[in-house]
Amino acid sequence: MSRVIGGFGISHTPSMGMEYDKGMAQGFDPRWQKWFDGTRRLKQWLDETKPDKMVIVYNDHLNHFDFDAYPTIAIGVAPEFRQADEGWGPRPFPSLVGDVDLGWYMTNKLVRGGYDLTVCQDLAIDHGIYSWLPYVMDTPWDTPIVPIAINMVRHPIPTSERLHGLGKAIRAALEDDGSNDRIAVVSTGGMSHQISGARFGIANETLDEWFLSKIGNDFSELIDLPQEELMRLGGTEAAELALWFSMRGALSDNISEVYRYYTFPAITGCGVIVFDDHAV
Ligand SMILES: [Fe+2]
C-alpha cells in the first residue's frame, strides 16, 4: 500500500514561468520576488519529504488539447511528458518523468471506480505545471509524476464536488496499489482572474485568501459554491480553483497545515498551501 504523505495546492500562470526565467537571469521584479520568496517553504518541504512520486491534477490551456476533441478528464500514461511550446519557444527545462505502470494502474482503478479517463500516451504539458515547478523543485526533475488533466476551458466543466471525489478515488487507488511508495498529491489552478471580455483584469484577493483559509478542514462552504459563483466573484478563470478540491479529496481528515502564502503580482492571485497527512 502506498501512502499519501501530503499534498499542496498552487497557482499557475504563464507570467509566473516567464518571470522565473527573467528573475534567475537578471533578478526578480519586486512583485515576483515576493512569490519566489513565498515558495521557499514549499521547496523546503519537497526537499525534506522527498516524495517517491507525485500525482498532479492540473489543466491544459489549449496547448495540447484543442476544441476538436476536448477531454473532460485525461491521464498521462507515458515514460516522459514534453514541454508544450506556448508560442514563445521552449523554456530551458527538461521533460517530466512519467510512471507508466502507475499510470495504467490508476487508469484501471479510476475508470472502474466511475471516472472515465481519456488515456494520453503522448501529452505535452504547458504552464499548468511548468510555470510553478521550477520554483519548488531543482532540476533534474527525476521524481516520476502521473499528470491528470481536467477540462477547465470549455463548459460544462466538472463540479467541485466531482473533483473532490476524484481526489478520494486517487487516494483509494494509491492505498491499494501493492507498492510502498510515499506519494504527494498536487492540484494546481489559477486563483481569481479573468483574461477575456469586459471584465478583463478583475481579480478578488479577498476571495483567494478566504479560499486558502477554508480548503484545509473547513471546506464544506467552499465546495458548495457553484462554479458560476466563483466566476462571478473572482473572474471567469477563477473556476480553476475547483481543481484544488482534488488535492484536498486525496488527503485524509488527519492533516496539518504546513504553510500558506498569498500574493498578487499581477492579473492573477498567486497562492500556495501545503499539508502533511498523518493518516497511516
Ligand atoms: Fe490555468
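Worth saying up front: this structure is predicted, and the values here are computed from it rather than measured.

Asker: Any details on the coordination of the iron ion? Residues and values, ideally.
Answerer: In a perfect tetrahedron of four donors around a metal, the angles come out at 109.5 degrees. In a perfect octahedron of six, they are 90 or 180 degrees. Here the iron ion is held by the protein donor atoms His 12 (NE2), His 61 (NE2), Glu 240 (OE) and Glu 240 (OE), which lie 2.1 to 2.4 Å from it. Taken together, the four donor atoms coordinating the iron ion and their angles of 56 to 146° define a geometry best described as irregular. Spacing between the donor residues of the iron ion along the chain follows H-x48-H-x178-E. Taken together, the residues span a long stretch of sequence, with His 12 in the loop between β1 (3–10) and α1 (14–26) and Glu 240 in the loop between α10 (227–234) and α11 (244–250) at a distance of 228 residues. On the basis of relative accessibility, which here comes to 2%, the residue His 12 falls in the buried class.

Asker: I'd like a rundown of the layout of surface pockets, residues and numbers included.
Answerer: When its volume is computed, the largest pocket comes out at roughly 440 Å³. Considering the residues around the largest pocket, the lining is formed by 22 residues, among which Pro 14, His 61, His 193, Ile 195 and Glu 237 are closest to the centre. Its residues placed into classes, the lining of the largest pocket shows ten nonpolar, ten polar and two charged. Reported here for the second largest pocket is a volume of approximately 160 Å³. Lining the second largest pocket are Lys 43, Leu 46, Asp 47, Lys 50, Pro 51, Met 137, Asp 138, Pro 140, Trp 141, Asp 142 and Thr 143. The residue makeup of the lining of the second largest pocket, split by class, is five nonpolar, one polar and five charged.

Asker: Would you mind going over unusual backbone geometry in detail, with residue names and values included?
Answerer: That bond from Thr 139 to Pro 140 is cis: its omega, 0°, falls within 30 degrees of zero. Inspection of the secondary structure puts Pro 140 in the loop between α6 (133–136) and β7 (145–150). The backbone of Lys 50 sits at a positive phi, close to 45°, despite the residue not being glycine. Phi at Leu 62 takes a positive value of approximately 65°, unusual for a residue other than glycine. Here Leu 62 is to be found in the loop between β2 (53–58) and β3 (73–76). By relative accessible area, Leu 62 is classed as partly exposed at 38%.

Asker: Pulling in residues and values, what's your account of the sheet that holds β7?
Answerer: The strands making up a sheet are joined through hydrogen bonds of the backbone, oriented either antiparallel or parallel. If you trace the eight strands from one edge of the open sheet to the other, you get β6-β3-β7-β2-β8-β1-β10-β9, paired in mixed fashion. Two strands in the sheet have a free side with no partner beyond their single neighbour: β6 (118–120) and β9 (255–266). Adjacent strand axes in the sheet meet at a mean angle of 15° when their direction is disregarded. As paired strands, β1 and strand β8 (residues 182–188) are joined by seven bridges and run parallel to one another. Following the sheet pairing, Gly 6 is matched in β8 by Ala 184. The strands that helix α7 (residues 160–174) touches are β1, β2, β7, β8 and β10 (268–277); relative to β7, the one it contacts most, it runs at about 160°.

Asker: How would you explain helix α4 (residues 100–112) if you had to name every residue and give the values?
Answerer: With 13 residues, α4 ought to run about 18 Å at 1.5 Å a step, and its terminal C-alpha atoms sit 18 Å apart, in line with that. Within α4, burial applies to Leu 102, Gly 103, Met 106, Thr 107 and Leu 110. Seen from one end, α4 has its buried residues packed into an arc of 140°, which puts them on one side. Residues of α4 that are exposed and point more than 90 degrees away from the buried face comprise Asp 101 and Arg 112. In this structure, the buried side of α4 is in contact with β2, β3, β6, β7 and α7. Gly 114 sits one or two positions beyond α4 and adopts a positive phi of about 105°.

Criteria and thresholds
- Residues numbered from 1 in each chain as written.
- Predicted model: local features only at pLDDT ≥ 70, side-chain atom pairs only at ≥ 80, totals over all residues.
- Heavy atoms only, no water.
- Donors = N, O, S within 2.8 Å, 3.2 Å for Na, K, Ca; no water.
- Tetrahedral: all angles 85-135°; square planar, octahedral: opposite > 155°, others 65-115°.
- Helix = DSSP H or I, 4+ residues; strand = E, 2+ residues; numbered from the N terminus.
- Buried < 20%, exposed > 50% of the residue type's maximum accessible area, 1.4 Å probe, protein only.
- 1 Å grid on protein atoms, 1.4 Å probe; cavity = no way out; pocket = protein on both sides within 12 Å on 5 of 7 lines; lining within 4 Å.
- Points joined across faces, edges and corners; volume = space filled by probe spheres on them.
- Nonpolar A, V, L, I, M, F, W, Y, C, P; charged D, E, K, R; others polar.
- Pairing = 2+ DSSP bridges.
- Axes fitted to C-alpha atoms, helices over the stretch in contact; angles between N-to-C directions.
- Contact = heavy atoms within 4.5 Å.
- Expected span 1.5 Å × (residues − 1).
- Arc of directions from axis to C-beta.

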